[in-house]
Amino acid sequence: MLASLTVNNSVLYKYNVKSKMLLSVFCSICALFMTKFEPLFLMFVVTLSYALLMQRYRILFVSYMFMTVVMIISLTCVNIIAIYIPMVKDSADFTKLAVPFMRGACVMNVVMPLTLTIRMQNLLTTLQNLHLPFMIYLPGAVMIRFVPTFINDIKQVFEAMKIRGFEFSVKNILKHPLLLIRLSFSPLVFMSLRSSEDLGIACELKGIGQNKHCNMKNQCLHRRDYSLIALAVIVCAVSLYLEYACGGSFINKAGHP
C-alpha cells in the first residue's frame, strides 16, 4: 500500500533520497532565520516550483487553501485585538503577519516532495547509511512515511462521509460544523494512531535496529543530485544575502553583536 502512495511518474522520483533530504534540511533551516518578506518570497517561489514537480496538484491546492484560511483567521483576530490594544497595531500588518506562514509554506514545499516521491526501501537504506542512532532512525522513517499514509486516511474518511450522505462542500461546512468535526476529526485521530503503529511495526519487521537490514542496492549520488544540492545552496545563500540587505533582525544581530 505504501508503494502505491508514491508518484512514480514524477521527475523527482529519479533523484536520490539524500539529495532531497539535504535540500529539505538546507531550506528549512534557512527559512527559520528569515524575518523579512522579500527573501522569504524568493525562497517560496523557488520551493513552490520544486514542489510542483511532484505532480500532486490537488494535495498542494488543499494544503495552501488550509494555510490561507488559517492566515485569514489570524489576520482577522489580530486586527480585532488591535482595536482594543493599539500596541499590537504594527503586528497587524500583512507583510509581518505573512512571515511565519511563508516560513511554513517554504518548509511544506520541500518536505512534501520528500515524503511523496520516495520508496520505503530507498528511505530505509539511506537512513541506515547515515549511521543514525536507533532512537532517531526509527521515528525519522515513521514520520517521513506518515505523510502519504495520512493523506490516504483522509481520502478514506471523505469517501466514508460521502457514503453516509454528507457531501464535503462549503455549504455543509458552514451549516453543519459540529457534524463535520464528529465525522472527520474523530476517525482521523484513531486512524492516525493506527497508521503510526503499523508503520513502526513495518520498520521493525524490516530489521531496523537489529543490524539485519539488507541493502538491495547502493544509493549513489548522480550529477542531477549534485545539481539539486547546488541549487539549494545557491537559493539559501541569495536569500540570506537579501535578508541582510533588507535589514533582517537576526542577520544584523549576528553580524553586529
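Look up a bit, the structure's there.
Parameters and conventions
- Residues numbered from 1 in each chain as written.
- Predicted model: local features only at pLDDT ≥ 70, side-chain atom pairs only at ≥ 80, totals over all residues.
- Heavy atoms only, no water.
- Helix = DSSP H or I, 4+ residues; strand = E, 2+ residues; numbered from the N terminus.
- Buried < 20%, exposed > 50% of the residue type's maximum accessible area, 1.4 Å probe, protein only.
- Contact = heavy atoms within 4.5 Å.
- Areas by Shrake-Rupley, 256 points an atom, 1.4 Å probe, with all protein chains shown as cover.
- Patch = residues over 30% accessible without salt bridge, like charges linked within 9 Å, V, L, I, M, F, W, Y side chains within 5 Å.
- Salt bridge = Lys/Arg side-chain N within 4 Å of Asp/Glu carboxyl O.
- Expected span 1.5 Å × (residues − 1).
- Phe/Tyr/Trp six-rings, centres within 6.5 Å; stacked < 30°, edge-to-face > 60°.

A. Just the overall build of the protein, in detail. From N to C terminus, the protein includes 10 helices and zero strands. Buried positions account for 40% of the 257 residues belonging to the protein. Within the protein, counting contacts between residues at least 6 apart in sequence, those at least 24 apart form 78% of the total. Surface exposure of the protein reaches about 15,500 Å², of which carbon and sulfur atoms provide 69%.

B. Quick peek at a nonpolar patch on the surface. A surface patch of nonpolar side chains, amounting to about 520 Å² of accessible area, comprises Leu-22, Val-25, Phe-26, Ile-29, Phe-33, Val-233 and Leu-240. Going through the elements one at a time, helix H1 (17–32) and helix H9 (223–245) are the ones with two or more residues in the nonpolar patch. The element contributing the most residues to the nonpolar patch is H1, with four residues. Mapping Phe-33 onto the fold places it in the loop between H1 and helix H2 (37–52).

C. Here's a closer look at the side chain of Ser-19. With respect to the helices and strands, Ser-19 occurs in helix H1. Classification of Ser-19 by relative accessible area gives buried; the value is 0%. If we ignore the near neighbours within four places in the chain, the residues touching Ser-19 are Leu-221, Asp-225, Leu-228 and Ile-229.

D. Layout of H9. Between its first and last C-alpha atoms H9 spans 33 Å; for 23 residues at 1.5 Å apiece the expected length is 33 Å, and the two agree. Taken together, the buried positions of H9 are Asp-225, Leu-228, Ile-229, Ala-232, Val-235, Cys-236, Ser-239 and Glu-243. With its phi angle positive at about 80°, Gly-247 sits one or two positions after the end of H9.

E. Quick peek at the packing of aromatic side chains. All chains considered together, the criterion is met by two aromatic pairs. Look at Phe-37 and Phe-41: their rings are 5.9 Å apart centre to centre, the planes differ by 20°, and that puts the pair in the stacked class. Of this pair, Phe-37 and Phe-41 both sit in helix H2, four residues apart, which is roughly one turn of the helix. Judged by its relative accessible area of 41%, Phe-41 falls in the partly exposed class. Note on Phe-44 and Tyr-64: the rings are 5.9 Å apart at their centroids and 80° apart in plane angle, and the pair reads as edge-to-face. Taken together, the residues Phe-44 in helix H2 and Tyr-64 in helix H3 (residues 57–84) connect sequence positions 20 residues apart. For the residue pair Phe-44 and Tyr-64, the accessibility class agrees, reading buried in each case.

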